[in-house]
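Take a look at the letters that make up each chain.
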Amino acid sequence: MHSMSAPATSRPAARPRVLSGAQPTADSYHLGNYFGAFKQWVALQDDFEAFYFIPDLHAITVEYEPALLRERTYVAAAQLLAAGVDPARSALFVQSHVPEHAQLAWVLSGITGFGEAGRMTQFKDKSAKGGSDAASVGLFTYPILMAADILVYQADRVPVGEDQRQHVELTRNLAQRFNHRFGDTFTVPEAHIVKATAKIYDLQVPTAKMSGSNASHAGVVDLTDTAQQAAKKIRSAVTDSGSEIVFDPAAKPGVSNLLSIFAALTDRPVDEIVAEFEGRQYGHLKVALADLVGDFVQRFGDRTRELLDDRAEIDRVLAAGAERAREVAAATLEQVYDRSGFVRPS
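All values derive from a computational prediction rather than experimental measurement.

Draft legend 1. Representation of the pattern of salt bridges in the model. Overall, the coordinates contain 19 salt bridges when judged by the stated rule. Arg72 is the partner of Asp27 in a salt bridge, and the nearest nitrogen-oxygen pair spans 2.9 Å. Separated by 45 residues along the polypeptide, Asp27 in the loop between β1 (17-21) and α1 (31-44) and Arg72 in helix α3 (residues 66-83) bring together distant segments of the chain. Residue Glu190 is joined to Arg172 by a salt bridge in which the shortest nitrogen-to-oxygen separation is 3.6 Å. Taken together, the residues span a long stretch of sequence, with Glu190 in strand β5 (residues 190-193) and Arg172 in helix α8 (residues 165-182) at a distance of 18 residues. For Glu190, a relative accessible area of 44% corresponds to the partly exposed category. The network of salt bridges with shared partners includes Arg17, Glu49, Arg324 and Glu327.

Draft legend 2. Local environment of the UniProt feature "binding site: L-tryptophan" (unreviewed entry) in the protein chain. Within this structure's numbering, the places UniProt gives as "binding site: L-tryptophan" (unreviewed entry) are Asp149. Position of Asp149 relative to the elements: it lies in helix α7 (residues 137-151). Overall, Asp149 belongs to the buried group, its relative accessible area being 2%. Each residue touching Asp149, except ones within four places of it in the same chain, is listed here: Leu19, Phe53, His58, Gln95 and His101. Within the structure, Asp149 has its side chain in polar contact with the side chain of His101 (distance 2.7 Å).

Draft legend 3. Main features of α7. With 15 residues, α7 should cover 21 Å at 1.5 Å per step; its first-to-last C-alpha distance of 21 Å lies within 8% of that length. Those residues of α7 that fall on the buried side of the exposure criterion are Leu139, Phe140, Tyr142, Pro143, Ile144, Leu145, Met146, Ala147, Ala148, Asp149, Ile150 and Leu151.

Draft legend 4. Just the packing of aromatic side chains, in detail. Summed over the entire model, instances satisfying the criterion amount to 16 aromatic pairs. Judged by centre distance (6.0 Å) and plane angle (80°), the rings of Tyr34 and Phe300 are edge-to-face. Note that Tyr34 is positioned in helix α1 and Phe300 in helix α12 (residues 282-308), a separation of 266 residues in sequence. A relative accessible area of 11% means that Tyr34 is categorised as buried. Among the residues examined, Phe300 registers a relative accessible area of 5% and is labelled buried. Between the aromatic rings of Phe178 and Phe182, the centroid separation amounts to 4.7 Å while the plane-to-plane angle is 45°, which identifies the pairing as tilted. Of this pair, Phe178 and Phe182 both sit in helix α8, four residues apart, roughly one helical turn. These aromatic residues form a ring-pair network of at least three members: Tyr29, Phe38, Trp41 and Tyr52.

Draft legend 5. Structural detail: the pairing of strand β2 (residues 49-54). For β2, the buried fraction is high: six of the six residues fall into the buried class. Residues Glu49, Phe51 and Phe53 point to one face of β2 and Ala50, Tyr52 and Ile54 to the other, with burial holding for every one of them. Taken together, the five bridges between β1 and β2 define a ladder with parallel strand orientation. Its bridge partner being in β2, Val18 is matched across the sheet by Ala50. Viewed along the sheet, the connection from β1 through α1 into β2 turns out right-handed. The sheet contact formed by β2 and strand β3 (residues 90-94) spans five bridges and is parallel. When the sheet's bridge partners are listed, Tyr52 is paired in β3 with Leu92.

Draft legend 6. Representation of the UniProt feature "binding site: ATP" (unreviewed entry) in the protein chain in the model. When the UniProt feature table is mapped onto this chain, "binding site: ATP" (unreviewed entry) is found at Gln23, Pro24, Thr25, Gly32, Asn33, Gly161, Glu162, Asp163 and Ile200. Residue class for Gln23 comes out partly exposed when judged on its relative accessible area of 23%. Those residues in contact with Gln23 that sit more than four places away from it in its chain are Tyr29, Pro55, His58, Ala59 and Tyr142. Inspection of the secondary structure puts Gly161 in the loop between β4 (157-160) and α8.

Draft legend 7. Summary view of the side chain of Asn257. Within the secondary structure, Asn257 sits in helix α10 (residues 253-266). Its relative accessible area of 3% is what places Asn257 among the buried residues. Filtering out sequence-adjacent residues up to four positions away, Asn257 remains in contact with Lys199, Ile200, Tyr201, Asp202 and Leu203.

Cut-offs and rules
- Residues numbered from 1 in each chain as written.
- Predicted model: local features only at pLDDT ≥ 70, side-chain atom pairs only at ≥ 80, totals over all residues.
- Heavy atoms only, no water.
- Salt bridge = Lys/Arg side-chain N within 4 Å of Asp/Glu carboxyl O.
- Helix = DSSP H or I, 4+ residues; strand = E, 2+ residues; numbered from the N terminus.
- Buried < 20%, exposed > 50% of the residue type's maximum accessible area, 1.4 Å probe, protein only.
- UniProt positions renumbered as here; feature names shortened; annotations may be inferred.
- Contact = heavy atoms within 4.5 Å.
- Polar contact = N/O pair within 3.5 Å; in protein donor to acceptor, adjacent residues only side chain to side chain.
- Expected span 1.5 Å × (residues − 1).
- Phe/Tyr/Trp six-rings, centres within 6.5 Å; stacked < 30°, edge-to-face > 60°.
- Pairing = 2+ DSSP bridges.
- Right-handed = clockwise from strand over helix to strand, strands pointing away.

Following this line, the structure appears as structure tokens:
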């Protein structure tokens with residue numbers, strides 16, 4: 001905990017802090033989320049003081065249904081717990097339960113340049129789809145809230161995919177700018193570019209990453225799929241010309257994607273799986289993988305449903321996570337408000 005006088009950056013180094021979040025904008029997370037992020041989050045709990053959150057404030061920057069957002073937030077919490085996020089070792093919480101995120105975002109918006117925010121590629125991409133008139137101010141300021149998410153915990157590392165690197169750079173710039181103008185306050189975080197267990201691609205378009213926002217859901221294995229649904233998606237996956245099972249993402253993206261999933265599910269090197277299927281057809285690989293994926297989503301789904309049957313317990317876990325998060329966030333915000341020149345309530 002930081003005192004008013006000591007700079008936040010002088011925090012005694014017990015374990016470095018890590019922070020990450022996953023939006024509740026779909027009915028379920030998918031296989032790509034699990035192997036691209038959640039499996040690493042679980043591993044990071046061993047060496048880091050971990051803060052993992054569900055960014056519901058970010059989710060309202062585009063059109064949404066309130067009842068659906070509430071349900072998806074519960075599903076997200078249950079799936080993160082099913083994936084192995086351990087509330088005894090990590091703070092798991094909902095963003096809106098920690099008001100310091102939004103409070104810090106407002107302070108940071110005062111030191112963010114309009115052009116600087118406008119250069120964010122994700123905003124440009126998303127606003128280009130619907131036109132700038134349809135884009136909300138929230139979508140524009142989204143990276144500033146993301147910076148606040150990170151800085152309010154004095155996080156040392158931020159596990160992100162390559163597509164979020166630009167947002168972490170903005171966060172670093174804002175931390176350095178505030179520190180320069182108002183005194184040493186924020187830890188300047190490093191991007192912890194997650195080396196995904198496997199980069200999982202869409203089963204129908206194996207050159208596009210698996211994403212819940214893809215036009216067709218036929219190539220996306222949701223963690224709530226039944227074993228039969230998941231197995232069918234694997235068996236229907238697009239493969240490549242020829243019949244040789246080799247790992248070559250450029251020439252054979254379809255079969256390479258299936259091999260990546262196989263390797264990730266079994267914790268085995270891709271080369272070993274290629275050797276196992278030497279001289280066999282794509283169909284053999286698909287049948288074996290369909291069974292593996294079906295078993296995995298069945299177990300994952302059963303655990304998720306078991307957790308969702310006890311909403312009171314999820315509420316308890318999230319409340320405890322928010323309390324732990326607020327201990328850290330409130331101390332940071334107190335210091336920020338003091339350095340910003342606000343008169344503090346007596």
